[in-house]
Amino acid sequence: MAKTAKKQQTKSFWQKFHENRIKIALSTFVVMIPIALILTIYIGAYANNKRIHFDQVATPNTTYVNRFVDPDGIDALSLDITWYELKKPVEDDQGNLSGGYYKFQIFYTAKENYQVLNVQITPVLQTDWTDMRAISSNTFTILTSSRDFVVGFDYRLPVKPLWFVEVTDPNLYLKVDYTFASANNQVTKTAYVVLPLKDLNPTRVIS
């Protein structure tokens, strides 16, 4: 009797599923479409703002970079970077922001067995999730002694571009062009470095 009842119960379930298959399919469709749309928005926003370029203005020939190393991840040298100062932008009567900047101190240390001859830096500040971006007006040379550099940044942070997403600070991206001696020759390479600022604090904040 028990086996017969179980078979009838199983048959009844599949009969009900078959009878309501259209409703079930429509319900699944209605649920899955919004989820897929939300995922597309989040993934697209994240991926688009992880592609960085180092041109003043993007052109069809601009090279985009999405692979970066830590400041000590370059083969010939290590970078020492200190976030020294943050100046928040000021809003005028028309709602325009100006005067904001991030100031850093930087120097390099040559790694063992490397004779570094020249190091040039191009810095960019860019946020995750949004298109807030600023590039330094000049590429500059750094040495083994500390020097300052400033990147203007006229955006107001933090912002919440999407649900559950808060952007508090940009990332510092560096294009590093460096030359070192190798077997009586000079070798020039380019490395791309990222320093996330969201978990760091500047030495000084100017409101």
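Computed from a predicted model, the values in this text were never measured in an experiment.

Asks: Could you give an account of the pattern of salt bridges, naming the residues involved and the relevant values?
Replies: With the rule as written, the count across this model stands at four salt bridges. Ionic pairing is found between Lys 103 and Glu 85, a salt bridge with its closest N-O pair at 3.9 Å. Placement of Lys 103 in strand 4 (residues 101-110) and of Glu 85 in strand 1 (residues 77-87) is noted, with a sequence separation of 18 residues between them. A relative accessible area of 18% means that Lys 103 is categorised as buried. Overall, the relative accessible area of 2% leaves Glu 85 in the buried class. Taking the shortest distance from any N to any O, the salt bridge between Glu 91 and Arg 156 comes out at 3.0 Å. Taken together, the positions of Glu 91 in strand 2 (residues 90-91) and Arg 156 in the loop between strand 8 (147-152) and strand 9 (159-162) put the pair 65 residues apart, joining distant regions of the chain.

Asks: So what about the environment of Gln 186? Which residues, and what values?
Replies: With respect to the element layout, Gln 186 can be found in strand 12 (residues 185-196). Taking relative accessible area as the criterion, Gln 186 reaches 62% and is therefore assigned exposed. Separated by 70 residues in the primary sequence, Gln 186 and Val 116 place their C-alpha atoms 9.5 Å from one another. Setting aside anything within four residues of it in sequence, one finds Gln 186 in contact with Leu 117, Thr 179 and Phe 180.

Asks: Quick one: what's the story with the pairing of strand 1, residue by residue and with numbers?
Replies: Residues in a regular strand point their side chains to alternate faces of the sheet. For strand 1 and strand 4, the ladder comprises 10 bridges, and the chain directions are antiparallel. Among the inter-strand pairings, Ser 78 is bridged to a residue of strand 4, identified as Thr 109. With three bridges joining them, strand 1 and strand 13 (residues 204-206) adopt parallel strand pairing. Bridge pairing in strand 13 links Glu 85 to Arg 204.

Asks: Which residues make up unusual backbone geometry, and what values do they have?
Replies: Residue Pro 158 is bonded to the preceding Leu 157 through a cis peptide linkage, with omega at 5 degrees. Tracing the backbone through its elements, the reader meets Pro 158 in the loop between strand 8 and strand 9. Even without being a glycine, Asn 184 presents a positive backbone phi close to 65 degrees. Mapped onto the fold, Asn 184 is located in the loop between strand 11 (171-182) and strand 12.

Asks: Could you give me a rundown of the packing of aromatic side chains, with the residues and numbers involved?
Replies: Counted by the stated rule, this structure contains 11 aromatic pairs. When the centroid spacing of 5.6 Å and the interplanar angle of 35 degrees are considered together, the rings of Phe 54 and Tyr 192 count as tilted. Taken together, the residues Phe 54 in the loop between helix 2 (21-48) and strand 1 and Tyr 192 in strand 12 connect sequence positions 138 residues apart. Given the relative accessible area of 11%, Phe 54 is considered buried.

Asks: I'd like to hear about the sheet that holds strand 8, residue by residue, with values.
Replies: Read across the sheet, four strands follow the order 8-4-1-13 without closing on themselves; strand pairing throughout is mixed. For this open sheet the edge positions go to strand 8 and strand 13, each flanked by a neighbour on one side alone. Ignoring which end each strand starts from, the neighbouring axes of this sheet average 30 degrees apart. Bridging between strand 4 and strand 8 involves six bridges; their strand directions are antiparallel. Note on strand 8: the bridge partner recorded for Tyr 102 is Val 151.

The rules behind the values
- Along each chain, residues carry numbers from 1 onward, in the same order as the chain's sequence is written.
- The predicted nature of this model means local features are confined to residues of pLDDT at least 70 and side-chain atom pairs, given and counted, to a pLDDT of 80 or more, with totals for whole chains, interfaces and linings taken over all residues.
- Each side-chain value is worked out from all heavy atoms of the structure, with water and hydrogens disregarded.
- Between Lys or Arg on one side and Asp or Glu on the other, a salt bridge is scored when a side-chain nitrogen of the former is within 4 Å of a carboxyl oxygen of the latter.
- Every helix listed is a DSSP run of H or I at least four residues long, and every strand listed is a run of E at least two residues long, numbered separately from the N terminus.
- Any residue under 20% of the maximum accessible area for its type is buried, any over 50% is exposed, and the rest in between are partly exposed; the area is computed with a 1.4 Å probe on protein chains only.
- In this description, contact between two residues means that some pair of their heavy atoms is separated by no more than 4.5 Å.
- A strand pair is defined by DSSP finding two or more bridges across the two strands.
- Side-chain rings of Phe, Tyr and Trp (the six-membered ring for Trp) are treated as a pair once their centres are within 6.5 Å; stacked means planes under 30 degrees apart, edge-to-face means over 60, and tilted covers the remaining angles.
- Between the N-to-C directions of two axes lies an angle of 0 to 180 degrees, each axis being a line fitted to C-alpha atoms and, for a helix, fitted only over the stretch in contact.

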